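Survey of secondary and tertiary structure
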Number of protein chains: 2
Amino acid sequence: MPEADPTPLSDHVAFLLGQLGFHTAYRFSDGLAPLGIGPRHFGTLRVLREHDGQSQQQLCETLGIHRNVMVGLVDELEKRGLVERRKHPADRRAHAVYLLPAAHDLLARAQRVVDGLESDLLREFDAADRATLLQLLQRLAATNGLEPGIHPGLSR
Amino acid sequence: MPEADPTPLSDHVAFLLGQLGFHTAYRFSDGLAPLGIGPRHFGTLRVLREHDGQSQQQLCETLGIHRNVMVGLVDELEKRGLVERRKHPADRRAHAVYLLPAAHDLLARAQRVVDGLESDLLREFDAADRATLLQLLQRLAATNGLEPGIHPGLSR
DNA sequence: TATTGTTATACTCTATAACTATA
DNA sequence: TATAGTTATAGAGTATAACAATA
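The rules behind each value
- Residues numbered from 1 in each chain as written.
- Chains lettered and ligands numbered in written order.
- Predicted model: local features only at pLDDT ≥ 70, side-chain atom pairs only at ≥ 80, totals over all residues.
- Heavy atoms only, no water.
- Least-squares fit on C-alpha atoms with pLDDT ≥ 70 in both.
- Contact = heavy atoms within 4.5 Å.
- Helix = DSSP H or I, 4+ residues; strand = E, 2+ residues; numbered from the N terminus.
- Polar contact = N/O pair within 3.5 Å; in protein donor to acceptor, adjacent residues only side chain to side chain.
- Near = heavy atom within 4 Å.

1. A few points about the relation of the copies chain A and chain B
Its rotation angle being 180°, the transformation that places chain A on chain B also includes 0.0 Å of axial translation and leaves an RMSD of 0.0 Å. The symmetry that links the two subunits is that of a two-fold axis. Minimal C-alpha distance to the rotation axis in chain A is attained by Gly21 of chain A, lying at 2.1 Å. Most of the interface of chain A is mirrored in chain B: 100% of its interface residues are interface residues there too.

See below:
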């Protein structure tokens, strides 16, 4: 005789967040794949759009990615013609990373992936439920020390 | 001049789910570490508690884990004295995997990790908000084809 | 011929340390 | 002495294929 389940995992917010979080992360990654980039490239480009010409070290601190990994990311972005390493005006050890025009086109396409995922995910929800859910999740993120816009999955 | 951000990532349910999902998954994994097991061991033990004596193949199908990986998981669980491989009554190719008494103790301890994580995560939320959030997330999981209790992160 | 469990192999990722050139 | 970027190396993890025993 099987033991009675004390409380199903799907009655836990923590479990549902993990389940939905990995599901959406995989879908986002799959949606980005045709664009030839991964979530970390997207994150890096996005941070550069906020403030162009940052050093690799600054990007690392913002995104929580190790500097050794950032070398490869910028290599790949440079190879794809999306960013350019230039001389840093203030520190000759550092590289200043700048977005190239192609990056803006790509970011626009990535934005459509984000929007498509969002609307498909919430397709069964009306406006009121969407607003309630968004607000609760924002509060939950804030009360658990999560930085807005910074995805913990990028660092591991 | 930096471009205006079209819509912050943290205004997307999809992003918040990813952020919160990875955050809680890492916290859960860390909470389980002192018990000497990982999330996949936990999932396997949990499925066995529902129905003891399953074959490895059945466990794989339920959890979405490849059978090559399951070999190692059951090896580790057996080494830790948590499960036992016995002869399968109906199929001489298969092993029937059974929980040992130590597994029930460990599952009880793991349950405390789950409960502790849940209450800490929601510490700033009152009962009404918790209920609302739980219900919305359950609906979201259901409308997006997620099986109750099955974590997509276990398979990758 | 297909399936269960297992093993071997190669491939990808990650973590650590070390190196260089600057500060 | 410390920091930015880079490189090398080893370890973990993953995916693929192949194998023996059995269906």
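2. So, the environment of Gln54 of chain A
Residues and elements named next belong to chain A. Secondary-structure assignment places Gln54 in strand β1 (residues 54-55). Gln54 sits 42 residues away from Ala96 along the chain, and the two C-alpha atoms are 5.3 Å apart. With near-sequence residues (within four places) excluded, Gln54 lies in contact with Val47, Leu48, Leu59, Thr62, His95, Ala96 and Val97. Side-chain polar atoms of Gln54 contact the backbone oxygen of His51, separated by 3.1 Å.

3. Topic: the protein's contact with DNA strand C
Near DNA strand C you find 18 residues, and of these Arg40 and Asn68 of chain A together with Gln56, Gln57 and Arg93 of chain B are the closest. In this structure, Asn68 of chain A approaches DNA strand C through a side-chain N or O atom, which is 2.5 Å from a base nitrogen. Between a base nitrogen of DNA strand C and a side-chain N or O atom of Arg67 of chain B, the distance comes to 3.2 Å. Secondary-structure elements contributing two or more residues to the surface near DNA strand C are α4 (67-79) of chain A together with α3 (56-63) and α4 (67-79) of chain B.

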